[in-house]
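Descriptive analysis of the structure
Each chain, letter by letter, is given below.
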Amino acid sequence: MISAFFVVLFAFLAGMDGILDQFQFHQPLVAATLIGLANGHLTEGIILGGTLQMLALGWMNIGAAVAPDAALASAVSAYLVTGPAQVSVDTGMAIAIPLAVAGQVLTIGVRTLTVALAHIADKQAEKGSLRGVETVHWTALSLQGLRIAIPVIIVMAVGAGPVNDALNAIPDVITKGLAVAGGFIVVVGYAMVINMMATAELWPFFFLGFALSAVSELNLIAMGMIGLVLALIYLQLSPRFNGGSGNSGSGKGGSGNGDPIDTILNNY
């Protein structure tokens, strides 16, 4: 019962933060890890969350376009992988894609309902009722939380047996096809990360990481520690960040290689 409570709580927080975007509970890495921790399968939750995170890097709301819902995909697939059903991570990935589309439909529906709540909030504001405005605000957020929590509760209520039977009834051509499609999207996520770090200063570290992983038996934790140490050493030795002089200039006038982030750091 305790694990079920925390699973529903984390799902509820993921739904709320999908709108707040404040504490990142809706991010796959966070949501799947927390649900895996609640179910006692932290490793599987981290693996699933990390993989889904790369998939969700390209999901973003632009203008009126609503992106696929990472919160529902993460919460339900994480429960199926780390919960009593114990489905594989590959199956969880394949399930996450249609769940994200279903979550997109749900969030559009909830956002449509909140239009009426906005008018109610306007009336409360006209009355000068701050408590009334706050109540409407929390009601709208709670609806977004329930949008994720209720599907998770339904999956929990159905039980592991029927869930596994339903998953086994899906043809392999569909599940494997979705898994392959998810793998392609993950590659796009990696490409986006590489594009963000594609500067002359960072390329040596990029290739060094591949070299170290190929010629050694270092795990990801060790590689992360090495990367952190190299980053700290780079910040200490680089004239750009320690106030010295270099090719990229220093002080408030140094703009480096034209990277706006470097300019902000220099000015700071």
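Here, residues in each chain are numbered from 1, in the same order as that chain's written sequence. Local features are withheld for residues below a pLDDT of 70 in this predicted model, meaning they are given only at 70 or higher, and side-chain atom pairs are given and counted only at 80 or more; totals for whole chains, interfaces and linings count all residues. Excluding hydrogens and water, the side-chain figures rest on all heavy atoms present in the structure.

1. Concerning the overall build of the protein
In DSSP terms, a helix is any run of H or I states spanning at least four residues, a strand is any run of E spanning at least two, and both are numbered starting from the N terminus. Scanning the protein from N- to C-terminus turns up 12 helices and 0 strands. Contacts in the protein between residues at least 24 apart in sequence constitute 65% of all its contacts with a sequence separation of at least 6. With the model as given, the accessible surface of the protein reaches about 15500 Å², and the carbon-plus-sulfur share is 70%. Residue contacts are defined here by distance: any two heavy atoms, one from each residue, within 4.5 Å place the two residues in contact. Residue burial considers only the protein chains on display, and all accessible areas are found by Shrake-Rupley using a 1.4 Å probe.

2. Quick word on the environment of Ala94
Examined against the element boundaries, Ala94 turns out to sit in helix H5 (residues 89-126). Between the C-alpha atom of Ala94 and that of Ser77, which follows or precedes it by 17 residues, the distance is 9.0 Å.

3. Comments concerning the packing of H5 against helix H6 (residues 130-158)
For the pair H5 and H6, the least separation of the axes is 9 Å and the interaxial angle reads 170°. Taken together, the axes of H5 and H6 are roughly antiparallel relative to one another. Handedness of the crossing formed by H5 with H6: right-handed. Contacts from Gly103, Leu106, Thr107, Val110, Arg111, Thr114, Leu117, Ile120, Ala121, Gln124 and Ala125 of H5 reach H6 at Gly132, Val133, Val136, Thr139, Ala140, Leu143, Gln144, Arg147 and Pro151. For this classification, Asp, Glu, Lys and Arg are treated as charged, while Ala, Val, Leu, Ile, Met, Phe, Trp, Tyr, Cys and Pro are nonpolar and the rest, including Gly, are polar. Across the contact of H5 with H6, the residue classes tally to 11 nonpolar, 7 polar and 2 charged. Angles run from 0 to 180 degrees between N-to-C directions of axes, and those axes are lines fitted to C-alpha atoms, restricted for helices to the stretch in contact. Under this scheme an angle from 65 to 115 degrees is roughly perpendicular, one under 35 degrees roughly parallel, and one over 145 degrees roughly antiparallel; angles in between are oblique. Two helices that cross are described as forming a left-handed crossing if the nearer one is turned anticlockwise from the farther one by less than a right angle, and a right-handed crossing if clockwise.

4. Topic: the UniProt feature "transmembrane region" (unreviewed entry) in the protein
UniProt positions are given in the numbering used here, feature names are shortened, and annotations may be inferred rather than shown by experiment. In the numbering adopted here, UniProt assigns the feature "transmembrane region" (unreviewed entry) to residues 56-81, 93-121, 173-193 and 205-235. Taken end to end, residues 93-121 is 100% helix and 0% strand, and its two terminal C-alpha atoms sit 40 Å from one another.

5. Overview of the side chain of Gln144
Residue placement: Gln144 occurs in helix H6. Relative accessible area serves as the criterion here: at 3%, Gln144 is assigned to the buried category. Discounting chain neighbours no more than four positions away, the residues touching Gln144 are Gly15, Met16, Ile19, Thr107, Val110 and Arg111. Relative accessible area decides the class of each residue, using a 1.4 Å probe on protein chains only: under 20% of the type maximum gives buried, over 50% gives exposed, and in between gives partly exposed.

6. Thoughts on a nonpolar patch on the surface
On the surface, Ile2, Phe5, Phe6 and Leu9 cluster together to form a nonpolar patch covering roughly 390 Å² of accessible area. Locating Leu9 in the fold gives a position in helix H1 (residues 2-20). To count toward a patch, a residue needs a relative accessible area over 30% and no salt bridge; like charges are then connected within 9 Å, while nonpolar side chains (Val, Leu, Ile, Met, Phe, Trp, Tyr) are connected within 5 Å. Counted as salt bridges are all cases of a side-chain nitrogen of Lys or Arg within 4 Å of a carboxyl oxygen of Asp or Glu.

7. Some thoughts on the nonpolar core
Here, the term nonpolar core denotes a set of buried Ala, Val, Leu, Ile, Met, Phe, Trp, Tyr and Cys residues that are joined through side-chain atoms within 4.5 Å. Residues Ile35, Val76 and Leu80 are the most contacted members of the largest nonpolar core, which totals 31 residues. Among the elements of the structure, H1, helix H2 (28-38), helix H3 (42-56), helix H4 (70-82), H5 and H6 are those that each provide at least two residues to this core. Looking at which element gives the most residues to this core, the answer is H4, with 9 residues. What Ile35 contacts, discounting residues up to four positions off in sequence, is Val7, Phe10, Ala75, Ala78, Tyr79 and Thr82.

8. Some words on H2
In terms of residue burial, H2 counts as a mostly covered element, since 8 of its 11 residues are buried. Summarising the contacts, the buried residues of H2 are in contact with H1, H3 and H4. Gly40, located one to two residues past H2, shows a positive phi value of around 80°.

9. What to know about the packing of aromatic side chains
Any two of the Phe, Tyr and Trp rings considered here, Trp counted by its six-membered ring, make a pair once their centres fall within 6.5 Å; the pair's planes then place it as stacked at under 30 degrees, edge-to-face at over 60, or tilted in between. Across all of its chains, the model carries 5 aromatic pairs by this definition. The interplanar angle of 25° and the centroid separation of 5.7 Å between the aromatic rings of Trp203 and Phe207 together place this pair among those described as stacked. Of the two residues, Trp203 and Phe207 are both situated in helix H9 (residues 203-215); the distance of 4 residues between them amounts to about one turn of the helix. On the accessibility criterion, Trp203 (29% relative accessible area) is partly exposed. What makes Phe207 exposed here is its relative accessible area of 51%. Between the aromatic rings of Phe205 and Tyr234, the centroid separation amounts to 5.7 Å while the plane-to-plane angle is 80°, which identifies the pairing as edge-to-face. Linking Phe205 in helix H9 with Tyr234 in helix H10 (residues 220-237), this pair joins segments that are 29 residues apart in sequence.

10. What to know about the packing of H1 against H6
The interhelical angle for the contact between H1 and H6, taken along N-to-C directions, is 140°, at an axis separation of 7 Å. It follows from the interaxial angle that H1 and H6 lie oblique. Considering how the two elements wind past one another, H1 and H6 form a crossing that is right-handed. Packed against H1, whose contacting residues are Ala4, Val7, Val8, Ala11, Phe12, Gly15, Met16, Ile19 and Leu20, the element H6 presents Trp138, Leu141, Ser142, Gln144, Gly145, Leu146, Arg147, Ile148, Ala149, Val152, Ile153 and Met156 at the interface. Across the contact of H1 with H6, the residue classes tally to 16 nonpolar, 4 polar and 1 charged.

11. Describing the confidence of the model for the protein
Every residue gets a pLDDT, meaning the predictor's confidence in that residue, from 0 to 100. For the protein, the mean per-residue pLDDT works out to 79, and 78% of the residues sit at or above 70. For residues 245-256, every residue scores under 50 in pLDDT, and the model assigns this stretch 17 contacts once sequence neighbours within four places are set aside.

12. Overview of the environment of Gly103
On the secondary structure map, Gly103 appears in helix H5. By relative accessible area, which is 0% here, Gly103 ends up buried. Each C-alpha atom of the pair Gly103 and Ala70 lies 7.8 Å from the other, and the pair is 33 residues apart in sequence. The contacts of Gly103, once residues within four sequence positions are left out, are Asp69, Leu72 and Arg147.

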